[in-house]
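Here is what each chain is made of, one letter per residue.
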Amino acid sequence: MRYMHEDLVTAPFDLYELHLFHLVAKHGSFTKAAELAGLTQSAITRQIQGMEGSLGVSLLERTTRSVRLTEAGKFLVEESTRLLGDVERSLQTLRVEFAGARKQ
């Protein structure tokens, strides 16, 4: 019998990689995404290539001057935007609501 969480264990990317992908998609630039994430452009490129390899689809069309989303990339951005927002809001709430809580 297969459990739902098995898909999460073998997921082709994690939330951080998804966040990096969103930065590239939003800014249309590996260089700008890297700057904002505090990484090198080549590190961002490797992360996205790893996602694409694991998924078996291209998420971005790259030229020497631009980066554009493929249809799969557009789908992933649309489907994951709410998820990343929910995670960010949850983390902010944890920081605010439980900042003074004793560690157990």
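Residues numbered from 1 in each chain as written. Predicted model: local features only at pLDDT ≥ 70, side-chain atom pairs only at ≥ 80, totals over all residues. Heavy atoms only, no water.

A short note on the nonpolar core
Our working definition: Here, nonpolar core means buried Ala, Val, Leu, Ile, Met, Phe, Trp, Tyr and Cys residues that are tied together by side-chain atoms lying within 4.5 Å of each other. Only protein chains enter the calculation, and the probe is 1.4 Å; a residue is then buried if its accessible area is under 20% of its type maximum, exposed if over 50%, and partly exposed in between. Strands here mean DSSP runs of E at least two residues long; helices mean DSSP runs of H or I at least four residues long; both are numbered from the N terminus. The contact criterion used is simple: two residues touch if any of their non-hydrogen atoms lie within 4.5 Å.
Formed by 17 residues in total, the largest nonpolar core has its most connected members in Phe-21, Val-24, Phe-30, Ile-44, Ile-48, Met-51 and Leu-60. Mapped onto this core, the elements with two or more residues apiece are α2 (15–27), α3 (30–37), α4 (41–55) and α5 (71–98). What Ile-44 contacts, discounting residues up to four positions off in sequence, is Leu-20, Val-24, Phe-30, Ala-33, Ala-34, Ala-37 and Leu-39.

Things to note about the packing of α2 against α5
Put simply, the test is: Comment: axis = line fitted to C-alpha atoms, over the contacting stretch for helices; angle = value between 0 and 180 degrees taken between N-to-C directions. Any angle that falls under 35 degrees is termed roughly parallel, while one over 145 is termed roughly antiparallel, one within 65 to 115 roughly perpendicular, and all others oblique. Each crossing gets its hand from how the near helix is turned against the far one by less than a right angle, where anticlockwise is left-handed and clockwise is right-handed. Put simply, Ala, Val, Leu, Ile, Met, Phe, Trp, Tyr, Cys and Pro go in the nonpolar bin, Asp, Glu, Lys and Arg in the charged bin, and everything else, Gly too, in the polar bin.
The N-to-C vectors of α2 and α5 enclose an angle of 120°; their axes lie 10 Å apart at closest approach. Considering the angle they form, α2 stands oblique to α5. Where α2 crosses over α5, the handedness of that crossing is left-handed. From α2, Leu-15, Leu-18, His-19, Phe-21, His-22 and Ala-25 reach across to α5, where they touch Gly-73, Leu-76, Val-77, Ser-80, Thr-81, Leu-83, Leu-84 and Val-87. Across the contact of α2 with α5, the residue classes break down as 9 nonpolar, 5 polar and no charged.

Observations regarding a nonpolar patch on the surface
In plain terms, the rule: Patch membership needs two things, relative accessible area over 30% and no salt bridge, and members are linked within 9 Å if like-charged or within 5 Å if nonpolar (Val, Leu, Ile, Met, Phe, Trp, Tyr). Only the protein chains shown count as cover for residues, and all accessible areas are computed by the Shrake-Rupley method using a 1.4 Å probe. The term salt bridge refers to a pairing of a side-chain nitrogen on Lys or Arg with a carboxyl oxygen on Asp or Glu at a separation within 4 Å.
A cluster of nonpolar residues, Leu-91, Leu-94 and Phe-98, forms a patch on the protein surface that exposes about 290 Å² of accessible area. The residue Phe-98 is located in helix α5 in this model.

Let's talk about the environment of Phe-21
If you trace the backbone, Phe-21 turns up in helix α2. For Phe-21, a relative accessible area of 0% puts it in the buried group. When sequence neighbours within four positions are dropped, the list of residues in contact with Phe-21 reads Ile-48, Met-51, Leu-59, Leu-60, Leu-69, Gly-73, Leu-76 and Val-77.

Some remarks on the pattern of salt bridges
Enumeration according to the criterion identifies 6 salt bridges in this entry. The partner of Lys-32 in a salt bridge is Glu-35, and the shortest N-O contact between them spans 3.5 Å. Here the residue Lys-32 and the residue Glu-35 both occupy positions in helix α3, the gap between them amounting to 3 residues, near one helical turn. Lys-32 gets classed as partly exposed once you look at its relative accessible area, which sits at 32%. Counted as one network, the salt bridges with shared partners bring together Arg-82, Asp-86 and Arg-89.

Brief notes about α5
We count it as follows: To estimate how far a helix should reach, multiply one less than its number of residues by 1.5 Å. The angle separating two fitted axes, one through the seven residues that finish at a residue and one through the seven that start at it, defines the bend at that residue.
Taking 1.5 Å as the rise per residue, α5 with 28 residues should run 40 Å; its terminal C-alpha atoms sit 41 Å apart, in good agreement. Along α5, the sharpest kink reaches roughly 40°, centred on Ser-80. Close packing links the buried residues of α5 with α2, α4 and β2 (67–69).

Just distances and angles here, no functional claims.
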